[in-house]
Amino acid sequence: MEKKPWKRLLWLKQDYPDNYTDPNFIKKAETFHKRLNFLNSPYKHESNYFKVRYEFFQFYQSILNVSSIFLIFAYIYYYKQDPLPLTIVVTVVVSCLLMSKKHDNPLFVRLLNLKSVIIITFAMLTLTPVLKSLSKTTASDSIWTLSFWLTLMYISALSNTKDKKSSNVSTNLLLAVVTALASRLSSTTEVFCFLYICIQVNVLLPNLIVPSYLLALISNIIVYAVITQILGWHYTILILSTFLLYIIVLPHWFIYWQINYRMLEDGDGRDEKDCLITSWDAKRPVLNC
Amino acid sequence: MSFCLFWPDHLKERRFSDDDDLIAICIALKGTDRVVLDILREGLVRGCDIESPYSIVGVRKGGDSGWRLIDGVDCVVEFKAPRSTMLEFFSLEPISLSLPEKRMDSKVSNVNFIKISENKRYFNDNTRFKRTLGLINFYYTYLMAFHKKYPRFAESSLTSDKNIFGMMIDLLRLNLVYQWVGKGFFYITVSFALITNPLSKFLNWNLLNLVNKSATIQQIDLRCQQFSYFPVQYLRINENVSIRKAMPRFKNYAEASEGLRKDLPSNYYPDYIRFYNTVWLMLNDISFGMILGSFLLQYSTQIANFAHTFINGYLYSLLKLVTISLAHNPFGIKLNEELASFLSELFLWIIEFSYSVFIKRVSAVDNLTKIISAVANLSCIFGATFALSLLIDCFSFLSLHIRFFYLISRKLYHWQLNIMSSLFNLFCGKKFNVLRNRVDHHNFEIDQLLLGTLLFIILVFLLPTVLAFYSSYTIFQLGMLTLEIIFESTISLLNHFPLFALLLRIKDRRRIPGGIALRYNDSDDILRLKLLNKPLPVSLMFQPFALLMKQIKYNYCSSIIVNKLIKGLPITVDRNKLYQVLYSSLPSKPINIEDLYNSTHKKNN
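Source: prediction; values computed, not measured. (Residues numbered from 1 in each chain as written. Chains lettered and ligands numbered in written order. Predicted model: local features only at pLDDT ≥ 70, side-chain atom pairs only at ≥ 80, totals over all residues. Heavy atoms only, no water.)

On to the overall build of chain B, then. Looking only at helices and strands, chain B features 24 helices and 10 strands. A total of 605 residues make up chain B; the buried ones form 43% of that total. Considering only contacts within chain B whose residues lie at least 6 apart along the sequence, 78% involve residues at least 24 apart. Total accessible area on chain B is roughly 33,400 Å²; 62% of this is exposed by carbon and sulfur atoms. (Helix = DSSP H or I, 4+ residues; strand = E, 2+ residues; numbered from the N terminus. Buried < 20%, exposed > 50% of the residue type's maximum accessible area, 1.4 Å probe, protein only. Contact = heavy atoms within 4.5 Å. Areas by Shrake-Rupley, 256 points an atom, 1.4 Å probe, with all protein chains shown as cover.)

See the structure below:
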């Protein structure tokens, strides 16, 4: 005789003993949790607009950081400037920050003491000739394509959580981009400086600096100035307007979507007690009044 | 109580005059069924007291067509009595042409299944049948003993298992000269064994392990082991001959049956077969060697030219071409220039070095002719297998540099894969925990992360170059391996072909029994069956070869090879593991000479 499936209901006489544990219980509990999280999500209220905007802005900042790689590369490759002064400046800035943050963030600073700095520097010095020659034989066009795709992968791999676990995918991709681009440079010094600056700007700085609007403003100004210098003010206006659109309009749209159209993560709309409609319908009927 | 009666065929066919009363007398030893020994006229038997183990089992009155057998006879099994002087016999299990200690059962590898299937509870107990077969195997000897005991009955019996030829051989055996020649031969083989025994031990020495390294040394070792085993085999054969001849001397049947109860034929005949097989194969080998030698000498110039082009082309020009093209973007694949050119320069230098030092000298046409004539002469003296193994060794010596390249590129590839996999683990934030033999999460420091990432990227970019070198040299190595395996299989075929067993099967099928068959004979009164001998099937004779082919296929043609290729593990010919199947007719430890000496003297005394 087949038993009816166990239901999580009180006051219902079922064929199962009182202490029966359904094997599907854990799955159901997980979906319940997920649904609870979803219902309590901070993205679902208009009052959280600023929070959402802030997170969007942080994403934008990281993209800005990435673009700095290309800016520095253009500086060295296209304008054929000597990278050494820039390197020294950036290094000085970073080490000052490091010293001043010694008491604030002991966890991170402990990781980056003098010994490791020296090791990394010398290792990079040794390996730069190798890095330089790694993809020398490929044509320039394929290098640009390769670096584009690697950058895309890098951005998608960036994680912005507070407790950064040592997930190294982003660093690897960063290094891959740098390696691909570095094969176009002509001398070892240039490669070394390029590598050094990129690592400092993308790996160390985000960990050291507390994001504040002032610093963001400064970095934005620098980047846009350089872009204007390289590409002309048309591009700057274009990018600036895209950015404003992004930062002002998009959060509203995001919240609206979260409230009305957010897809349930599990496709379990078949529970007749839990929800009446499937996941692709709006939760509250949208009436065009 | 019911039992079977075994009735020899020749007694059925013998013609007696119809109005004689006949009596059938049978013998039954402890634990056997009754076997009819002889049919006599009643007049002879009357008044004579037939003692056990003989008894009267049936009576036929004159004028009757059938026999009236005693109560309890359930079925009658007819058989053709095997002539033990011609080495015929019945056996329940197929005789093994390899030593029992080396018998390899390829089908059952599960230990638990073996435990169950060999437990006595699940056995069909055929000891009674086995003992009866033992009795049948010595039918004529028992008949002679019966006639010795009752000389009155002997005159009417015309059975004898010896023909004229057999009697002549017996006379010859008694001849003193023959005995002295035999003894001399024996002592010569013992003195050979004195030399070959320590030589074989030395060649098999664990530290040097010469046998594994060279095919010639393996061949020499095989011959040494065969020579050392000869005296033992000869002794065993002769020991059994002497017991057989001493059979009629036993006064009392209890003594005789004790001695014969052990399955003498199935212990002794395989030795005989093995011994003569080895001798015959050696002679065959020498004759093949002479054919090969004369062929080589006749066509020496053509062969020398061919070998010259082959060696120069395959071992030098092709290799050089491949190595140079690897440095210059082979097939349009862009490899890392520095690494590729460095490796290519290195290998090119080694190729040039090996070429100028020995390949050029060896492959010069007149040197080749000299080598060919030397090999031809050696093969006339020592046999074709020796010549072939010399060829193998020559070839592996000449291609030493290829093996070297394969080793270097394989090691590079293997290390690179290893480092990349552990750095990949670092990439994902994990580390291999040696204590627990698994991959665990680990908090790395930032300098470790950076350094590891740097090295990982470098290795990833260098992988295509190393892979290109590895694959091209592996292809060379595999080609050489195939050649070597083909040659070695030919040698093993020449060394261990079961020629003697095959010829015996053709000549007289009853000398290599592979089991028993019982055929139903249609008859009116009681159940009649016919006992037939099933000869050893040919597939069983070639079983070591089938095992060898299976092992070769398992080692070299299966997914294991692909696995090893991808992981960068070494692919070599492990001679010991591969060809130990073929040593199944030789004992694993060479016999000590002192024991041999003692046993000889014991026999003589």
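With that settled, consider the sheet that holds strand β3 (residues 34–41) of chain B. Residues and elements named next belong to chain B. Spatial strand order, β5-β4-β2-β3-β1-β6-β10-β9: eight strands in an open sheet with mixed pairing. Both outer strands of the open sheet, β5 (68–69) and β9 (513–521), are each paired with one neighbouring strand and no more. Across four bridges, strand β6 (residues 73–79) lies against strand β10 (residues 527–535) in parallel orientation. Of the residues in β10, the one forming a bridge with Val 76 is Arg 528. Across the face of the sheet, helix α5 (residues 139–149) comes into contact with β1 (3–8), β2 (22–27), β3 and β4 (54–60) while running at roughly 45 degrees to β3. (Pairing = 2+ DSSP bridges. Axes fitted to C-alpha atoms, helices over the stretch in contact; angles between N-to-C directions.)

Attention now moves to the domain arrangement of chain A. Residue and element names in this part refer to chain A. Each assigned domain of chain A is listed with its residue range as follows: domain 1 (67–210) and domain 2 (211–258). Taken together, the contact pairs six residues of domain 1 with eight residues of domain 2. Approximately 560 Å² of surface area, both sides summed, lies buried where domain 1 meets domain 2, with 75% of it carried by carbon and sulfur atoms. It is Leu 71, Tyr 79 and Val 210 in domain 1 that bury the most area against domain 2; as a group they hold 72% of the surface buried on that side. At the junction of domain 1 and domain 2, the tally comes to zero salt bridges. Our enumeration of links across domain 1 and domain 2 arrives at zero residue pairs in polar contact (both at pLDDT 80 or more). The residue inventory of the side of domain 1 that touches domain 2, partitioned by class, reads five nonpolar, one polar and no charged. (Domains from an automatic or database assignment. Buried area = accessible area lost by both parts, 1.4 Å probe. Salt bridge = Lys/Arg side-chain N within 4 Å of Asp/Glu carboxyl O. Polar contact = N/O pair within 3.5 Å; in protein donor to acceptor, adjacent residues only side chain to side chain. Nonpolar A, V, L, I, M, F, W, Y, C, P; charged D, E, K, R; others polar.)

Attention shifts here to the environment of B:Thr572. Residues and elements named next belong to chain B. Following the sequence through the fold, Thr 572 ends up in the loop between α22 (559–567) and α23 (575–579). Considering only alpha carbons, one finds Thr 572 and Leu 478, 94 residues apart in sequence, at a separation of 9.1 Å. Here Thr 572 is in contact with Leu 481 and Tyr 556, once residues within four sequence places are set aside.

For chain A, mean pLDDT is 76; residues scoring 70 or higher make up 79% of the total. Element-level mean pLDDT values for chain A span from 59 in helix α4 (residues 106–111) of chain A up to 85 in helix α6 (residues 140–157) of chain A. (pLDDT = per-residue confidence, 0-100.)

A word on the UniProt feature "transmembrane region" (unreviewed entry) in chain A. In this structure's numbering, the residues bearing the UniProt feature "transmembrane region" (unreviewed entry) are residues 59–78, 84–100, 112–131, 143–161, 209–227 and 234–255 of chain A. Note that residues 59–78 of chain A is 100% helix and 0% strand, and that its end C-alpha atoms are spaced 28 Å apart. (UniProt positions renumbered as here; feature names shortened; annotations may be inferred.)

Here we take up the interface of chain A and chain B. Taken together, the 27 residues of chain A in the interface contact 26 residues of chain B. Approximately 2,500 Å² of surface area, both sides summed, lies buried where chain A meets chain B, with 73% of it carried by carbon and sulfur atoms. Where chain A meets chain B, there are zero salt bridges. Looking at the side of chain A that touches chain B element by element, the count peaks at 10 residues for helix α5 (residues 114–134) of chain A. Taken together, the residues of the side of chain A that touches chain B sort by class into 17 nonpolar, nine polar and one charged.

The next subject is the packing of aromatic side chains. The full count for this structure, using the stated rule, is 44 aromatic pairs over all chains. Ring plane angle 75 degrees and centroid distance 5.4 Å describe the contact between A:Tyr49 and A:Phe50, whose orientation is recorded as edge-to-face. On the accessibility criterion, A:Tyr49 (9% relative accessible area) is buried. For A:Phe50, a relative accessible area of 58% translates into the label exposed. An aromatic cluster is built from B:Phe192, B:Phe227, B:Phe230, B:Phe275, B:Tyr276, B:Trp280 and B:Phe500, whose rings are joined through pairwise contacts. (Phe/Tyr/Trp six-rings, centres within 6.5 Å; stacked < 30°, edge-to-face > 60°.)

Our next topic: the UniProt feature "transmembrane region" (unreviewed entry) in chain B. Residue and element names in this part refer to chain B. UniProt's entry tags residues 176–195, 275–297, 309–327, 339–359, 371–392, 412–428, 449–473 and 485–504 with the feature "transmembrane region" (unreviewed entry), counted in the numbering of this structure. Between the C-alpha atoms that bound residues 449–473 the distance is 35 Å, and the span itself is 100% helix and 0% strand. Helix makes up 90% of residues 485–504 and strand 0%, with an end-to-end C-alpha separation of 31 Å.

Residue and element names in this part refer to chain B. Tallied over the full model, the rule gives seven salt bridges over all chains. Between Asp 9 and Lys 530 there is a salt bridge, with the nearest N and O atoms lying 2.5 Å from each other. Of this pair, Asp 9 sits in helix α1 (residues 9–13) while Lys 530 is found in strand β10, placing the two residues 521 residues apart along the sequence. When its relative accessible area of 11% is taken as the criterion, Asp 9 is described as buried. Taking relative accessible area as the criterion, Lys 530 reaches 15% and is therefore assigned buried. Among the ionic pairs, Arg 528 bridges to Glu 78, the shortest N-O distance being 3.2 Å. Within this pair, whereas Arg 528 is found in strand β10, its partner Glu 78 is found in strand β6, the two being separated by 450 residues in sequence. Classification of Glu 78 by relative accessible area gives buried; the value is 2%.

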